[in-house]
Amino acid sequence: MKPRNLKLKLIILFSVLATISIVLLLLFLFTDIFRTKRGAFFRYFPMTSTAIEILKSDDFESYDKAKEQIPYIRNANVIIKSSSNIADSSIMDKIKLTMTTKVDNKDEKAEADISIKSNSSELATISGIKEKESYAFYSPLIANGYIGIRNENLNELANSVGINDIYVPESIIKIKKDEVFDITKVEKSHIESYYNLLKTSTSDTSYSKKKNDKVKSEGKTYSTVAYTLKLEGKESADVQSTMLNKLSQDSIMMDFLTSKFKLLNLDSNYTDINTLNSRMQAKIKDLSQNPTPITITVNEYKQKNIQATIIYGDTKIVVFHLKENNTETSIFSVNDKSFKISKTDNEYTIKYSYTEDEINKSIEIRYHQEGSIEENNIKNKMDITHTNGIKVVTFAYEDSVNFTNDIGSIKKLSNERVALLNDYSKEEVSEFVSNIKKRINEVYVNKGASIGINLDPIFVD
């Protein structure tokens, strides 16, 4: 064979091999052809956390900083944009709420004045004052002075008025988004070790694959490939116990968890390492006595995890996340409650939905901001839709924010007649709040009737 022909054949051979290698590499990186069910599951399962990245948006960073550093005056109004099965539109169209607030966050003080009118007839007025960690409101129709709270012992206060079915922190601290989402390289490596532990602690037979699995969300259907990890009772208990034991001895992760829980306003059950450790040991003991199966399914769509579903006992958690074109949507659901946040260009949609007494209820907010800090012409606009079964009402909110050091004087609580609920016994608070709720119901129903609206009481026993 001539050397030139041999050289040509070698070039062709190496070119073919190189092409095949590149194709195989691309197939491995961008498809799941060469992945096992286990491998595909762990490719997509860690992507579940990307659903919260929509909350990292810095669209309003300069606006938020300005509010902390410069005093401002906000003038706002709210009208009823539309309604159904509530009252005649000729009545609803006449109702308008106006609000003026003066805020100085540096000095921790603020004042608000609200007026609710039907045509020129004033239905109610409400005043509010914030002073350091105290907040109080006054309406002459309800009481003869300001009623408020201090931002301390809130869980005790909530218990005093019968609020014990939802979590209330001891005090509310402002959530610092940057700190919540900040994760060091060391912490990331520790988090990855738990994925690896889950991977090595489960058998191949625990994984399954389903093609053309339909995911429905927001009226759309997506054809996906589902990868499922299913652990029966004992295996589930063993895997969870192994991971909890590792976690309880991992000082970096325990510090990480408790610090993040503190930033999220959780109580000492989660923010104290020793207490959290004790809860983990109690959970390990419970798992040995009451093993519960767990099923985790991830749905792959265009090489992304579009949805993750976790079924644990009677609890079903679903996390949906999709970035498509200029829209990003995340939906977090627990059984029949769901929270959605969606962004399209500079418009955000936030929706909370739930079912109560077999009635579908929801609150949806569509929000966008206009103007800029530099030109001092910020406007915030919202459509707020409240749905209660067949009753639907949409409010249109609009405000203008003027940053200025000349906001005038702000009322002081020390100059007003004030009752801070923290200063009273549990029995006094319970009786007082019960009377206030009755009075609010009375005023609300009567004021509605005065303009021809049949309203249900706000508070029910």
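Attention here is on the structure that accompanies the text. Residue positions within a chain follow its written sequence, with the count starting from 1. In keeping with the model being predicted, local features are shown solely for residues with a pLDDT of at least 70 and side-chain atom pairs are shown and tallied solely at 80 or more, while totals for entire chains, interfaces and linings include all residues. Working from all heavy atoms in the structure, the side-chain values ignore hydrogens and water.

**A word on the overall build of the protein chain**
Put simply, the test is: Secondary structure is summarised from DSSP: a helix means a run of H or I of at least four residues, a strand means a run of E of at least two, and numbering begins at the N terminus for each. To sort residues, take the accessible area from a 1.4 Å probe on protein chains only and compare it with the maximum for the residue type: under 20% means buried, over 50% means exposed, and anything in between is partly exposed. The contact definition used throughout considers only heavy atoms, calling two residues in contact when any of these lie within 4.5 Å. Method for areas: the Shrake-Rupley scheme with a 1.4 Å probe, in which residue coverage is limited to the protein chains shown. When charges are counted, Lys and Arg contribute as positive and Asp and Glu as negative, whereas His and the chain ends are disregarded. Here the site of a charge means NZ on Lys, CZ on Arg, CG on Asp, or CD on Glu.
Secondary structure assignment for the protein chain yields twelve helices and 18 strands. Judged by the C-alpha coordinates and their principal axes, the protein chain covers about 105 × 55 × 45 Å. Expressed as a percentage of the 461 residues in the protein chain, the buried residues total 36%. Contacts in the protein chain between residues far apart in sequence, at least 24 positions, make up 50% of those at least 6 positions apart. Total accessible area on the protein chain stands at roughly 27900 Å², and carbon and sulfur atoms take up 54% of it. A distance of 9 Å separates the average location of the 63 positive side-chain charges in the protein chain from that of its 63 negative side-chain charges.

**Side note on the packing of aromatic side chains**
Given two aromatic rings, their pairing is described by the distance between the two centres and the angle made by the two planes. Keep this limit in mind: Stacked, edge-to-face and tilted are the three classes for Phe, Tyr and Trp ring pairs, Trp counted by its six-membered ring, which pair at centre distances within 6.5 Å; planes under 30 degrees apart are stacked, over 60 edge-to-face, the rest tilted.
Enumeration according to the criterion identifies 15 aromatic pairs in this entry. For the pair F41 and F42, a centre-to-centre distance of 5.1 Å together with 80° between the ring planes defines the contact as edge-to-face. Accessibility classification places F41 together with F42 in one group, the buried group. When the ring of F41 is compared with that of F45, the centres are 5.3 Å apart and the planes differ by 25°; the resulting orientation is stacked. Residue class for F45 comes out buried when judged on its relative accessible area of 13%. Through pairs of rings, three or more aromatic residues link up here, namely F41, F42, F45, Y195 and Y207.

**Let's talk about the environment of L244**
On the secondary structure map, L244 appears in helix α8 (residues 233–248). The class of L244 is buried, set by a relative accessible area of 18%. The spatial distance from the C-alpha of L244 to the C-alpha of I284 is 7.2 Å, given a sequence separation of 40 residues. Dropping the residues within four chain positions of it, L244 is found in contact with M280, K283, I284 and L287.

**Considering a negative patch on the surface**
Put simply, the test is: Patches here are clusters of residues that have more than 30% relative accessible area and form no salt bridge, with a 9 Å joining cutoff for like charges and a 5 Å cutoff for nonpolar side chains (Val, Leu, Ile, Met, Phe, Trp, Tyr). Salt bridges are defined by distance alone: a side-chain nitrogen of Lys or Arg within 4 Å of a carboxyl oxygen of Asp or Glu.
On the surface, D58, D178, E179 and D182 cluster together to form a negatively charged patch. When you line up the elements, E179 lands in helix α6 (residues 177–181). Exposure remark for E179: the relative accessible area of 38% places this residue in the partly exposed category.

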